[in-house]
Amino acid sequence: MTGFGYWRRTKQMQLGIKKQICLIIAVLLLGGMTSCSSKTSIDEEAVEKEIVVEEIAGEEAVLLPPLIQATTLEGDYRAMARLGLAATSCSEQGNLEQAYNNVLCSCVRIQAGEHYGSGSIYRMLENEIIIVTNRHVLQYWNEDCFVTFFNGAVLKCTLMGMSDEADLGFVSIPASAFTYQELLAFRNVRLPVELFREKKNGESKDSISKGDKIFYVNIASDWRNPVYMEGEVIAPLMFLEDFQREMLYGRGNAVPGMSGSGVFDKYGNYVGMITGGTLQNEIAAIPVEVIEREWEKMNLQ
């Protein structure tokens, strides 16, 4: 009887160890899912419920919980796009250098005839990539227009439409023009969490404040050598006569070809799009709230 009791205690210890291993596996699989606003937590009780203990020939056998199956690159991309998980990574510590490295994969150069400008990947959908830029960049659009991505990929694009109210427009490229390995290297811009709160609760709050650091990327001058450029918010919203609307107004330098370039905060959130600049090192950008509103209107047409 003593030997049997020892055997039972040993098996219970083994079972406990196996349960802990299962919990560790679950944490490794799910624990990395984080965002700027929240972290995913693991419910140990729920995980333990997945551990099935059976009596087989007088011995306790532990069946591990089902693990994530191996997937194809196509499956990975389609799942990422379908679930809306294609946004650039967030620099949770507000590190500008890290944020710059995170957003680079969303930046593009747009060639329209003899003119060129910049743009950002706004949405990555299952069947197409959507790019946003300024309307005045797209006014020279023709069938030979093309987009250069951060990694040198060059693709022709299709004009989706231009806003009647703001200086912006959208072009698209079919996902089938890329390999799935290439698609997984791109990301669409990360929209500020305040934007989603406004949609959900109807509360209006600026996604950025006076004095906040901002940055943008000059990829248009030479896509092989993109340049990090830093600025500061003068006013989240200021009515500017030249644009006949409220714009994000900031301090910083913008060079020719940067029209359409994304403006990002220190976390890497997309807060606007450069539309103009002055010789006094000031920039004007269309706020992200306006861009998102115009995108939704275009989808309803």
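Residues numbered from 1 in each chain as written. Predicted model: local features only at pLDDT ≥ 70, side-chain atom pairs only at ≥ 80, totals over all residues. Heavy atoms only, no water.

(A) Quick peek at the pairing of strand β12 (residues 245-251). Taking burial as the measure, the seven residues of β12 include five buried ones, the bulk of the element. Taken together, the six bridges between strand β11 (residues 227-240) and β12 define a ladder with antiparallel strand orientation. The residue of β12 that forms the bridge with Glu232 is Arg251. What sits between β11 and β12 in their antiparallel hairpin is a turn of four residues, with Gln244 showing a positive phi close to 55°. Across four bridges, β12 lies against strand β15 (residues 282-287) in antiparallel orientation. Counted as the bridge partner of Leu248 is Ala285 from β15. (Buried < 20%, exposed > 50% of the residue type's maximum accessible area, 1.4 Å probe, protein only. Helix = DSSP H or I, 4+ residues; strand = E, 2+ residues; numbered from the N terminus. Pairing = 2+ DSSP bridges.)

(B) Examining the side chain of Asp265 more closely. Take Asp265: it is sitting in strand β13 (residues 262-265). Within the buried set, Asp265 has no salt-bridge partner at all; the shortest N-O distance to an opposite charge, 8.3 Å, is to Arg190. Within the local environment of Asp265, its side chain forms a polar contact with the backbone nitrogen of Tyr267, the two atoms lying 2.9 Å apart. Among the polar contacts made by the side chain of Asp265, one reaches the main-chain amide nitrogen of Asn269 at a distance of 2.9 Å. Look past the residues within four positions of Asp265 in its chain and what remains in contact with it is Ala99, Ile208, Lys213, Phe215 and Val271. (Lys, Arg positive; Asp, Glu negative; His and termini not counted. Salt bridge = Lys/Arg side-chain N within 4 Å of Asp/Glu carboxyl O. Polar contact = N/O pair within 3.5 Å; in protein donor to acceptor, adjacent residues only side chain to side chain. Contact = heavy atoms within 4.5 Å.)

(C) Layout of the sheet that holds strand β7 (residues 154-156). Reading across the sheet, the seven strands line up as β7-β6-β3-β4-β5-β9-β8 and stay open at both edges, with antiparallel pairing between neighbours. Each of the sheet's edge strands pairs with one partner strand only, and the pair in question is β7 and β8 (158-162). Geometrically, the sheet is characterised by an average inter-axis angle of 35° between neighbouring strands, direction not taken into account. Here strand β6 (residues 146-149) pairs with β7 via three bridges, running antiparallel. If you follow Phe146 over to β7, its bridge partner there is Lys156. (Axes fitted to C-alpha atoms, helices over the stretch in contact; angles between N-to-C directions.)

(D) Region of interest: the packing of aromatic side chains. Going through the model one piece at a time under the given rule, you end up with 13 aromatic pairs. Between Tyr122 and Trp295 the ring centres are 6.3 Å apart and the planes differ by 70°, which places this aromatic pair in the edge-to-face class. A residue pair is termed long-range when its members are at least 10 positions apart, and Tyr122 in strand β4 (residues 115-124) and Trp295 in helix α8 (residues 288-300) qualify at 173 residues. A relative accessible area of 0% places Tyr122 in the buried class. Ring geometry for Phe150 versus Phe186: centroids 6.1 Å apart, planes at 75°, classification edge-to-face. Of this pair, Phe150 sits in the loop between β6 and β7 while Phe186 sits in the loop between α6 (180-183) and α7 (193-201), and the two are 36 residues apart along the sequence. (Phe/Tyr/Trp six-rings, centres within 6.5 Å; stacked < 30°, edge-to-face > 60°.)

(E) Representation of the sheet that holds β12 within the structure. With respect to topology, six strands assemble into a closed barrel ordered β10-β11-β12-β15-β14-β13, the strand pairing being antiparallel. On average, each strand axis in the sheet is tilted by 45° relative to the strand beside it, whichever way the strands run. Inspection of the sheet shows strand β14 (residues 270-277) paired to β15 by five bridges, in the antiparallel sense. In the sheet register, Gly272 faces β15, and the bridge partner there is Pro287. Across the sheet, helix α4 (residues 96-103) is in contact with β10 (213-218), β11 and β13; its angle to β10 comes to roughly 40°.

(F) Spatial organisation of the pairing of β11. Bridge analysis of β10 against β11 gives six bridges, and the strand direction is antiparallel. Residue pairing for β11: Ile214 is matched across the bridge by Gly231.

(G) Structural context of the pattern of salt bridges. For the structure on display, the rule yields 10 salt bridges. Between Glu126 and Arg78 there is a salt bridge whose closest N-O contact spans 3.2 Å. Taken together, the residues span a long stretch of sequence, with Glu126 in the loop between β4 and β5 (128-133) and Arg78 in helix α3 (residues 73-82) at a distance of 48 residues. You can call Glu126 partly exposed: its relative accessible area is 25%. Between Asp144 and Lys156 there is a salt bridge whose closest N-O contact spans 3.8 Å. Here Lys156 lies in strand β7 and Asp144 lies in the loop between α5 (135-138) and β6, a separation of 12 residues in the sequence. Assessed through its relative accessible area of 52%, Lys156 is described here as exposed. Linked by salt bridges that have partners in common, Glu74, Arg78, Arg82 and Glu126 make up one network.

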